[in-house]
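# Structure at a glance
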Amino acid sequence: MHLSYLCWAGVLSLAGLCAPVLSGQPSLPGDYTGVLAGALHLKLHITAAADGSLNGSLDSVDQGASGIPCADFQVQGKSLSFRVPPVNGAWKGTISADGTSLSGSWSQGSSLPLTFTRDTFEAAEKPSAVDGVWLGAVQSGGWTLRAQIKVKSDRSGSEFCAFDSLDQAVLDWECSKVSWKAPEFSFEVPRAAGRWSGRLSGNGQTLSGSWTQGAATFALNFARQPAATPAAPAAEAAMAPVKPEDLERILDRDLAAARAPIFKPGPLSEGTGGGVAIGVVQHGVRRVFAFGAARPDSIFEIGSITKTFTGLLLARMAAEGKVKFDEPVRELLPQGAVPKPGGPEITLLDLAIQHSGLPRMPDNFHPADPQNPFADYRAADLYHFLTAHGVAKPADPKFLYSNVGIGLLGQALANRAGDTYPALLRQQITGPLGLKDTVVALSKEQQARFIQGYDAEHHPARAWDIDALAGAGAIRSTAADILTYLEAQLHPDKFPALAAAIRQTHELRADSLPGMRIGLAWLYVEKGGFYWHNGGTGGYSSYAFFDPANDCAGVVLFNGTVGAGASFADSLGAHVRQRMAGEAPLSLAR
């Protein structure tokens, strides 16, 4: 269950001036490196203007994003803070006495520790014969991947290099075991589990050699370049709007980088187990197809797309007079389970629009099995958290994406119905819509179609069993079923029993992420005019959208979790929508 914690969708202008550096403090301008959540490699670049004020930018190496502008640098004694407006993030921490490290935390909905270390490299006075920028390419199986290395030597004569796979949005992966004994040159790239070795030509303009990765060896020759070549653009060329019946053919071409097996294995590369099922519909024409290890009828965990079903449950039960939007959630919990606050209370609507003030996760969430983390979090644990936290409504609650909030809503609605969340889902939504493969618990036949999920390192992942927080992410489904669900969003009148409730879920009730508003769980992009939600569990990720004005919708279900970089399901989902709209689509190499 997720909304990506660091993403980049374009280039924005550098933000304005920042706070001046105070006298007596170590000099801050320079380049720094850090790793977020143990996997997402970042580079921070701080510069100073003539008046001493600070500017900066951030590179997200694993996401192929560079030059993300920072703003509002504030220095107070040993404290430093700055914002990263394009991703709605911020960093705050302390400066070490010698200025070589910045220790603090990154906040973007939730807070994670993030320490930056200064790059103290001192260049050699005279470059070596292999120093510089080199560009080459590997060709195999009908695809071409460009590789670039940037080589430099320090004052001690040691060589260093950084590796780019330009068509896979890999930037600045560090080399190790760099060896230069003229004319022999070699290096390893640990993060690609690969090694290059070869020779420098007599004129010093080419490096001829091979790249070895696992059991495979590829010819890879480099030519000297006057400057670094930028990575593949964030967006591909626009084309005429693609109809559903033509989309599989177009995506087969667009997904070439996702199948590439070297440098950075693509999400659909052979050997990763990756598979994706896609469903699209426009003007009543629908198609469902699959790539990689998936089949069109494969079943996936849909993660937080479940939240939109929980929002529809609320609207359906409200239409039947079983609950009210402004009803305090406390009144749907066991009597005496949670104390009544002195002032305004969190309502069912507050939970559905993510404005309850509840955190992303409860603070008593301590899974016995990290591979199946929600399995032992029961209703009693949820009520215990609420007793300690309280259900008082903040004076001015802001949008805060909360798994515990929507999970609580699902549990509360099940309590009012006197049933379980899975049974309520079947009675109120999946039964009336005919969604036979949209379930929490799989039948024996469905289990046979439940595709294996994988973690970020392509290792098999356990399926998640979600109990008290089922309403936040417990549903499994197929692309065909979710497509039918999206068709109901486009044309509620075709489903009379749910029509009024579906329309209620689309009513925009509050602000959410920048440039977006929110209905009952559905997020709405104001500029694009479409609704969307995504999802992620330990071994799966998903993305769904519907665009009423253009009468189209789509779903992407992928059997891989959200990694350190951007979600593949999110990227592919956005790409599908953009292809159908005739827009320049997000590159699938990123």
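This text goes with the structure placed above it.
This section reports on the structure supplied with the text. Residue positions are given per chain, counting from 1 as you read along its sequence in written order. In view of the model being predicted, local features appear only for residues whose pLDDT reaches at least 70, and side-chain atom pairs are presented and counted only at 80 or more, with totals across whole chains, interfaces and linings using the full set of residues. The side-chain quantities take in all heavy atoms of the structure and omit both hydrogens and water.

## What to know about the overall build of the protein chain
Note the following rule: Numbered from the N terminus, helices here are DSSP runs of H or I no shorter than four residues, and strands are runs of E no shorter than two. Our radius of gyration is a C-alpha quantity, and the globule rule it is checked against amounts to 2.2 Å times the number of residues to the power 0.38. Residue exposure (1.4 Å probe, protein chains only): buried if accessible area is under 20% of the type maximum, exposed if over 50%, otherwise partly exposed. In what follows, residue pairs with any heavy atoms lying within 4.5 Å of each other are defined as contacts. We get accessible surface area from the Shrake-Rupley algorithm with a probe of 1.4 Å; when it comes to residues, only the shown protein chains can shield them. When charges are tallied, Lys and Arg are placed among the positive residues and Asp and Glu among the negative ones, while His and the ends of the chain are skipped. Throughout, a charge is located at the NZ atom of Lys, the CZ atom of Arg, the CG atom of Asp or the CD atom of Glu.
Summing up its helical and strand segments, the protein chain has twelve helices and 31 strands in all. Its C-alpha atoms give the protein chain a radius of gyration of 26 Å, near enough to 25 Å, the size a compact globule of 590 residues would have. Counting only C-alpha atoms, the protein chain reaches 80 × 60 × 45 Å along its principal axes. Expressed as a percentage of its 590 residues, the buried residues of the protein chain come to 54%. When contacts within the protein chain are restricted to residue pairs at least 6 apart in sequence, long-range pairs at least 24 apart make up 59% of them. Roughly 24100 Å² of accessible area belongs to the protein chain as shown, and the carbon and sulfur atoms make up 53% of that amount. Distance between charge centroids for the protein chain: 2 Å, based on 49 positive and 55 negative side chains.

## What to know about the packing of helix H3 (residues 306–319) against helix H11 (residues 499–506)
How we decide: Interaxial angles span 0 to 180 degrees and are taken between N-to-C directions of axes, which are lines fitted to C-alpha atoms, for helices over the stretch in contact. For classification purposes, an angle smaller than 35 degrees is called roughly parallel, one larger than 145 roughly antiparallel, one from 65 to 115 roughly perpendicular, and anything else oblique. In this scheme, a crossing is called left-handed if the near helix is turned counterclockwise away from the far one by less than a right angle; it is called right-handed if the turn is clockwise. Just so you know the grouping, Ala, Val, Leu, Ile, Met, Phe, Trp, Tyr, Cys and Pro go in nonpolar, Asp, Glu, Lys and Arg go in charged, and all remaining residues, Gly too, go in polar.
Across the interface, H3 lies against H11 with an axial gap of 8 Å and an inter-helix angle of 125°. Taken as axis vectors, H3 and H11 run oblique relative to one another. Of the two elements, H3 crosses H11, and the hand of that crossing is right-handed. Contacts between H3 and H11 involve Gly311, Leu312, Ala315 and Arg316 on the former and, on the latter, Ala501, Ile502, Gln504 and Thr505. Of the residues belonging to the contact of H3 with H11, the class tally is four nonpolar, three polar and one charged.

## Remarks on the pairing of strand S17 (residues 206–213)
To keep it simple, the criterion reads: When DSSP finds two or more bridges between two strands, those strands count as paired.
Sheet analysis places strand S16 (residues 194–200) next to S17, joined by seven bridges and oriented antiparallel. Looking at the pairing, Ser197 lines up with Ser210 of S17. Taken together, S16 and the strand that follows it, S17, pair antiparallel across an intervening segment of five residues, in which Gly204 is found at a positive phi of about 75°. Sheet topology places S17 next to strand S19 (residues 222–225); two bridges connect them, and they run antiparallel. Residue Thr206 lies in a different strand from S19, and its bridge partner there is Ala223. One ladder, built from four bridges, connects S17 with strand S18 (residues 216–219); its direction is antiparallel. Opposite Ser210, over in S18, you have Ala219 as the bridge partner.

## A word on the environment of Lys264
As for its placement among the helices and strands, Lys264 is situated in the loop between helix H2 (256–259) and strand S20 (275–282). Take Lys264: its relative accessible area is 23%, and that puts it in the partly exposed class.

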